[in-house]
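Notes for the structure review
Here are the chains, one letter per residue:
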Amino acid sequence: MKVLIIGGGRIGLAVAALLAGAEGHDSEVADVTQEALDQAARRGFKTRHLDASRRKDCVEALAGFDIVVNAAPTRLAAGIVAAAIEAGVHYVDSAEDTAAVSEVAATAGHGKVILPGCGLSPGLVANLAVELVDALEGPIDMVVRVGGLPVHPSNAFGYGLSWDVDGLIAEYTDPCEGIVEGKRVSTAPLQDYESFVLNGRPYEAFSTSGGMGSLCAALQHKVRNLSFRTIRYPGHLTLARFLFEDLGLKRRRDMLRTVLRFGLPDVIQDVVVIFISVRGFHQGVPAERSFVRKIYHEPMRSPFPVSALSHTSAAHLCTMIDLIQAGKIEAGGVARHEAVSLALIRQNRFMTPLLN
């Protein structure tokens, strides 16, 4: 497949690196800034200048391509998917907010795959969650926990930037989706605190926004309770509440963006922690099933380092490209990750090293 990657940031370059090291796809990176294009060119990727905010330019750029990977800021998603529909190409993205893409796709006839919310969460966690739920009988209670953390934290926050700062702010300030006693609910972020230990290391987790995708809609009639929580090192939540709530910076996103962007280091040496637990019944007996995985940063097939968070998200995106090419994902409208078999993902060349 010919793949146009819009956005030369962390995720976009990680996707390009994975595709460059595998057979079967030919990719190109498009961005509006010369800095991003130069960085992509230094890594040996084909590039083109594109202002993705201009729908007409997007449609023209997509001529000759089979699929577009939207790795641009979330605010551009609606325009890019509209351009993909007009150009007649498949569309995937890594945005947490999938509503805008779904709304555009729902009002347009389209014979290709539209698959928003790929990556770690939403995305991979949906595939893992469905597998766990299907192994038990109800009533079922599920907690999905995910975190991208520095391996060697160097500040009291225990955190560094390994992805978009605006996405981080949205996680900590926007309402959280969930299911409580069978009903879909919206709750405040930075709640539902818990602490736990994995492999001898302590962590904490708390509610954040954006990690569910369409999981609540898919599991509403299968689970009694469902919540999503972000994993951090102990002490992080206290400082986050101080910044966002006590100082009121959640109402001053411009100031908060500056504080976080210039106060936290960029992180490459990170670890992705996934801890999903499900409680229900198996053959009438109370049972619990869990998926636990730590994915550490490793150099990819390139001299340029890529974080574990970017690698995991890019691997899921590339897996979806493979499955679309193979006809394993139904075309014509918005596809759901919950309908994609975890077995197909485990067997895929991009995800096998991470999950098996």
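Here's a quick rundown of the structure.

Cut-offs and rules
Residues numbered from 1 in each chain as written. Predicted model: local features only at pLDDT ≥ 70, side-chain atom pairs only at ≥ 80, totals over all residues. Heavy atoms only, no water. Core = buried A, V, L, I, M, F, W, Y, C linked by side-chain atoms within 4.5 Å. Buried < 20%, exposed > 50% of the residue type's maximum accessible area, 1.4 Å probe, protein only. Helix = DSSP H or I, 4+ residues; strand = E, 2+ residues; numbered from the N terminus. Contact = heavy atoms within 4.5 Å. Pairing = 2+ DSSP bridges. Salt bridge = Lys/Arg side-chain N within 4 Å of Asp/Glu carboxyl O.

Attention now goes to the nonpolar core. Grouped together as the largest cluster of nonpolar side chains are 71 residues, with contacts concentrated most on Met142, Val144, Leu215, Leu226 and Ile329. Among the elements that take part in this core, helix H11 (residues 308-325) stands out by supplying 10 residues, more than any other. Apart from residues lying up to four places away in sequence, methionine 142 is in contact with Ala129, Leu132, Val133, Leu219, Asn225, Leu226, Ser227, Ile276, Ser277 and Val278. Leu161, Leu198, Ala240 and Leu256 belong to the second largest nonpolar core, which has 27 residues in total.

Bridge count between strand S13 (residues 270-282) and strand S14 (residues 285-296): 12 bridges; the pairing is antiparallel. Bridge assignment links valine 273 to a residue of S14, and that residue is lysine 294. The loop that links S13 with its antiparallel partner S14 comprises 2 residues; one of these, glutamine 283, has a positive phi angle of about 55°.

Before going further, it helps to spend a moment on the pattern of salt bridges. Pairing is possible between side chains of opposite charge, provided their charged atoms come close. Evaluated as defined, the whole model comprises 16 salt bridges. Glutamate 28 serves as the salt-bridge partner of arginine 48, at 2.7 Å between the closest nitrogen and oxygen. Separated by 20 residues along the polypeptide, arginine 48 in strand S3 (residues 47-49) and glutamate 28 in strand S2 (residues 26-31) bring together distant segments of the chain. For arginine 229, the salt bridge identified is with glutamate 194, shortest N-O distance 3.0 Å. With arginine 229 in strand S12 (residues 225-232) and glutamate 194 in strand S10 (residues 194-198), this pair connects stretches of sequence that are 35 residues apart. Glutamate 194 matches arginine 229 in its accessibility class, with the two residues each being buried.

All quantities given are derived from atomic positions and should not be read as evidence of function.
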